[in-house]
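Tertiary structure, described
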Amino acid sequence: MKLLHKDIEKDNAGQVTLVPEEAEDMWHTYNLLQVGDSLRASTIRKVQTESTTGSVGSSRVRTTLTLCVEAIDFDSQACQLRVKGTNIEENQYVKMGAYHTIELELNRKFTLAKKSWDSVVLDRIEQACDATQKADVAAVVMQEGLANLVLVTPAMTLLRAKVEVTIPRKRRGSCTQHEKALERFYEAVMQAILRHINFDVVKCILIASPGFVRDQFITYLFKEAVRQDNKILLENRPKFMLVHSSSGHKYSLKEILSDPTVTSRLSDTKAAGEVKALEDFYKMLQHEPDRAFYGLAHVERAAEALAIDTLYCDDVPTRSRYVRLVDSVRDNGGNVRIFSSLHVSGEQLTQLSGVAAILRFPIADLSEAEDDSSSDED
């Protein structure tokens, strides 16, 4: 997702202009939208036309409409998002108050206005727009003269650099030109790694190639790191992992990520980290049930007691009560983890009423909480 413009006032009213770039961005957008918001986007409208002779026909025109949102439909299989509402700005094709359905499109901007932007929604925009904060796996897929540097997030892959250098063939009795070209190639790949990989976030860097290219490159990389005293590379050497690929093209990434040795190495990255986080809750529920609560009413009581260490929430847009809970936990130094309900961990959390918490200390007197406040939901 790309953020083009953000204008939010002190009273939290305002608007943002975004461009969805990947299918997953439609899911993020679905979670940003609420009934009553204002959505401005390009759309196709079927309009009737009357010729000078009086004959009536119809045509499809592209126009920009601003709707007051009344219904939101997300197809999770196709990652398609349709928004239905009434037109609230004058338009040559659509009357004020007329109904229309906008299907948001990849790489076409839209502007979303709200009367109040809450902290959860603003966090989601930041998360959706900052791919480097999600990409805790990087891969360099290479062969002689070609390398693709890719960042891998739980739901997408982002090509950040493509290095191409012509490598002359070895000549009988002289390999000088071949070796010099290889050195230029390895140097360019090394610079791409330093430029595009955030070593504070990335936990594993896969170096993949057919043959011995990966071995030769990693030898060059750390020989240069020692020569240049490059502490970033030297300190992060354990993060590099050499794996086989059939080519240096990006499509080889699929076979790399499905390699059993790779999947076990990636077990502590965010893609698997979400599942592990929820496992921590279940273990606590089993061994120390007075420190593990689920259900909105119970968790709210624990928050009032300033007892929450880690809050788990799903991202289905159930608004104000959950937002108050998230803000309260953060204000009191607790951790908040928001799960995608399209991922395995989010599906598990939904079975726990969409909210759960691990407490700093045991609380044993909340058994009546849910009954007392179940009727208070917004």
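The structure under discussion appears in the preceding block.
Model, not experiment: these values are computed from the prediction.

The subject of this paragraph is the side chain of Thr66. Note on placement: Thr66 falls in strand 4 (residues 56-75). Only 3.4 Å separates the side chain of Thr66 from the side chain of Glu89, close enough to count as a polar contact. Among all residues touching Thr66, those that are not within four sequence positions of it are Ser38, Leu39, Arg40, Thr86, Asn87, Ile88 and Glu89.

A few words now on the pattern of salt bridges. For the coordinates displayed, the defined rule picks out 12 salt bridges. Note that Glu105 and Arg108 form a salt bridge whose closest N and O atoms lie 3.5 Å from each other. For Glu105, a relative accessible area of 28% translates into the label partly exposed. Using a relative accessible area of 37% as the deciding quantity, one classes Arg108 as partly exposed. Here Glu288 ties to Arg291 by a salt bridge, and the two come within 3.6 Å at their closest N and O atoms. You can call Arg291 buried: its relative accessible area is 19%. Several salt bridges converge on common partners, so that one network encompasses Arg62, Glu105 and Arg108.

Time to look at the packing of helix 9 (residues 296-304) against helix 10 (residues 320-331). When two helices pack together, you describe them by how their axes are tilted relative to each other and by the distance separating the axes. Relative to each other, helix 9 and helix 10 sit at 35 degrees, their axes nearing to 10 Å. Helix 10 is crossed by helix 9, and the crossing has left-handed handedness. Two secondary-structure elements touch here, helix 9 through Leu296, Ala297, Val299, Glu300 and Ala303 and helix 10 through Arg321, Tyr322, Leu325 and Ser328. Of the residues that constitute the contact of helix 9 with helix 10, the class distribution is six nonpolar, one polar and two charged.

Summarising burial for strand 14 (residues 308-314): six of the seven residues are buried, a large majority. Here strand 14 pairs with strand 15 (residues 335-339) via five bridges, running parallel. Bridging across to strand 15, Thr310 finds its partner in Asn335.

Thresholds applied
- Numbers given for residues are sequential positions, taken from 1 along each chain in its written order.
- Local features in this predicted model are restricted to residues of pLDDT 70 or higher, and side-chain atom pairs are both shown and tallied only at a pLDDT of 80 or more, whereas totals for entire chains, interfaces and linings draw on every residue.
- Remark: hydrogens and water are excluded; side-chain values derive from all non-hydrogen atoms of the structure.
- Under the scheme used here, helices are H or I runs from DSSP no shorter than 4 residues and strands are E runs no shorter than 2 residues, and both carry numbers assigned from the N terminus.
- For the purposes of these results, a polar contact is taken to be a pair of N or O atoms within 3.5 Å, where, inside protein, one atom must be able to donate a hydrogen and its partner to accept one; residues adjacent in sequence count only when each atom of the pair is a side-chain atom.
- Contacts: residue pairs with any heavy atoms within 4.5 Å of one another.
- Basic side-chain nitrogens of Lys or Arg form a salt bridge, by our definition, when they fall within 4 Å of a carboxyl oxygen of Asp or Glu.
- Exposed residues in this analysis have more than 50% of their type's maximum accessible area, buried residues have under 20%, and partly exposed residues fall in between, with area computed by a 1.4 Å probe over protein chains only.
- Axis definition: a line fit to C-alpha positions, over the contact stretch in the case of helices; interaxial angles, taken between N-to-C directions, run 0 to 180 degrees.
- Each crossing gets its hand from how the near helix is turned against the far one by less than a right angle, where anticlockwise is left-handed and clockwise is right-handed.
- Throughout, the ten residues Ala, Val, Leu, Ile, Met, Phe, Trp, Tyr, Cys and Pro are labelled nonpolar, Asp, Glu, Lys and Arg are labelled charged, and all others, Gly among them, are labelled polar.
- Strands are treated as partners if at least two bridges between them are detected by DSSP.

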